[in-house]
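# Examining the three-dimensional arrangement
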Amino acid sequence: MFKLIDLPYASLAPVISDETLSFHYGKHLQAYVDNLNKLIAGTEFEGKSLEDIVKNSTGAIFNNAGQILNHELYFTQFKTPDQVGGNGASLPAPTGNLLKQIEKQWGTLDAFMAEFEQKGTTLFGSGWVWLQTNADGELSIGQYAGADNPVAHVMPGQTGHLKPILTFDVWEHAYYLDYQNRRAAHLKELWKIVDWEVIEKRFTK
Ligand code: MN
């Protein structure tokens, strides 16, 4: 049985309002958990990990498992603006090997962030934008529709699935109460609450 994860914060306001968090976590994610538990009962997927289910399923089981995995990665990568130092003029930023790799591939952190926002803004319809890495530690930005996740993908010419590092949810339920149709403005605000320590752990793991 899958359970709703605990959140590592009580609020992410004002970047994400308490109302949005309450619906997004308490209603949408809870529904994916409840649906998946019903769907996999008595099937080969019962007792399997979310990643295994996402890699090997299709249809409703894939959609609900994917959305749980996506939201678990999403909700656990944030902290309050105060905790990550994202309230003032400067945004929280990665350090160490992740920053080095971003600068190697994009030149600057700002250039990476601009492309990430652009890929999130231009993703048509509901889905997720991802920072993902391959087995060689090379980064790329992925746009995936619906419930899809990098773990379900292998890059051409490579073995091994992509690993998800950072994600912004561009389903309208993630921002419509707070930002209405201004998806780009919402994505820009999210940098204020990114917990780069979590992202760096995912990258080096
Ligand atoms: Mn969502």
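I will try to describe carefully the structure that is included in this document. Each residue is numbered by its place in its chain's sequence as written, counting from 1. This being a predicted model, a pLDDT of at least 70 is required before a residue's local features are given, and a value of 80 or more before pairs of side-chain atoms are given or counted; all residues contribute to the totals for chains, interfaces and linings. The side-chain figures draw on all heavy atoms in the structure; neither hydrogens nor water molecules are used.

### Overview of the overall build of the protein
Elements are defined by DSSP. Helices are runs of H or I of four residues or more, strands are runs of E of two residues or more, and each kind is numbered from the N terminus. Along the protein, the regular secondary structure elements total nine helices and three strands. Of the regular secondary structure in the protein, the N- to C-terminal order runs α-α-α-α-α-α-β-β-β-α-α-α. Relative to the compact-globule value of 17 Å for 205 residues, the protein shows a C-alpha radius of gyration of 17 Å, a close match. For the exposure calls, accessible area comes from a 1.4 Å probe over protein chains only, and a residue counts as buried if that area is under 20% of its type's maximum, exposed if over 50%, partly exposed in between. Out of the 205 residues in the protein, the part that is buried amounts to 47%. Sequence separation of at least 24 residues holds for 67% of the intrachain contacts in the protein that already meet a minimum separation of 6. On the protein, roughly 9,900 Å² of surface is accessible, and the fraction owed to carbon and sulfur atoms is 52%. Just so you know, the count uses Lys and Arg for positive and Asp and Glu for negative, and it drops His and the chain ends. By convention, the point assigned to a charge is CZ for Arg, NZ for Lys, CD for Glu and CG for Asp. The protein carries 17 positive and 24 negative side-chain charges, and their two centres are separated by 2 Å. It is over C-alpha atoms that the radius of gyration is taken, and the globule rule equals 2.2 Å times the number of residues to the power 0.38. Residues are treated as being in contact if the distance between any of their heavy atoms lies within 4.5 Å. To measure how exposed things are, a 1.4 Å probe is used in the Shrake-Rupley method; for residues, cover is taken only from the protein chains shown.

### Some points on empty space enclosed by the protein
A cavity here means a set of points on a 1 Å grid, drawn over the protein atoms and nothing else, where a 1.4 Å probe fits but cannot get out; a pocket is an open set with protein on both sides within 12 Å along at least five of seven lines, and a residue lines either one if it has an atom within 4 Å of a point. Grid points are joined across faces, edges and corners, and a volume is the space filled by probe spheres set on the points. All told, the structure shown has one cavity of 30 Å³ or more when counted by the stated rule. Its volume calculated, the largest cavity comes out at about 40 Å³. Elements with a contribution of two residues or more to the lining of the largest cavity: α1 (18-40) and α3 (59-75). With three residues, the top contributor of residues to the lining of the largest cavity is α1. Here the nonpolar group is Ala, Val, Leu, Ile, Met, Phe, Trp, Tyr, Cys and Pro; Asp, Glu, Lys and Arg are the charged ones; every other residue, Gly included, is treated as polar. Across the lining of the largest cavity, the residue classes break down as six nonpolar, two polar and no charged.

### Focus: the layout of surface pockets
Approximately 220 Å³ is the volume found for the largest pocket. E51, L73, K163, P164 and K205 are, among the 13 residues lining the largest pocket, the residues nearest its centre. Of all elements in the fold, only α2 (50-56), α3, β3 (163-169) and α9 (196-204) reach the threshold of two or more residues within the lining of the largest pocket. Its residues assigned to classes, the lining of the largest pocket comprises five nonpolar, two polar and six charged. Each domain's limits were defined by an automated method or a database of domain assignments. When residues are assigned to domains, the lining of the largest pocket turns out to be shared by domain 1 (18-80) and domain 2 (96-204), each giving three or more.

### Some words on the nonpolar core
Buried Ala, Val, Leu, Ile, Met, Phe, Trp, Tyr and Cys residues that are joined via side-chain atoms within 4.5 Å together make up what is termed a nonpolar core. Counting 58 residues, the largest nonpolar core has F78, F112, L166 and F168 as its most contacted members. The leading source of residues in this core is α3, at eight residues. Both domain 1 (18-80) and domain 2 (96-204) contribute no fewer than three residues apiece to this core. Among residues more than four places away in sequence, those in contact with F168 are Y74, Q77, F78, F116, W128, V129, L187, L190, W191 and V194.

### Here we look at the sheet that holds strand β1 (residues 127-133)
Think of it this way: DSSP has to see at least two bridges between two strands before they count as a pair. Taking strand neighbours across the sheet as the criterion, the three strands line up as β2-β1-β3 in an open arrangement whose pairing is antiparallel. Strands with a single pairing partner mark the edges of an open sheet, and in this sheet they are β2 (139-145) and β3. Across the sheet, the mean angle from the axis of one strand to that of its neighbour is 25°, orientation sign disregarded. As paired strands, β1 and β2 are joined by seven bridges and run antiparallel to one another. Bridge pairing in β2 places L131 opposite I141. Note on definitions: angles span 0 to 180 degrees between N-to-C directions of axes, and those axes are lines fitted to C-alpha atoms, for helices only across the stretch in contact.

### Focus on the environment of D34
Mapped onto the elements, D34 comes out in helix α1. The partly exposed category is assigned to D34, whose relative accessible area is 34%. Placed 30 residues apart in sequence, D34 and L4 show a C-alpha to C-alpha distance of 9.0 Å.

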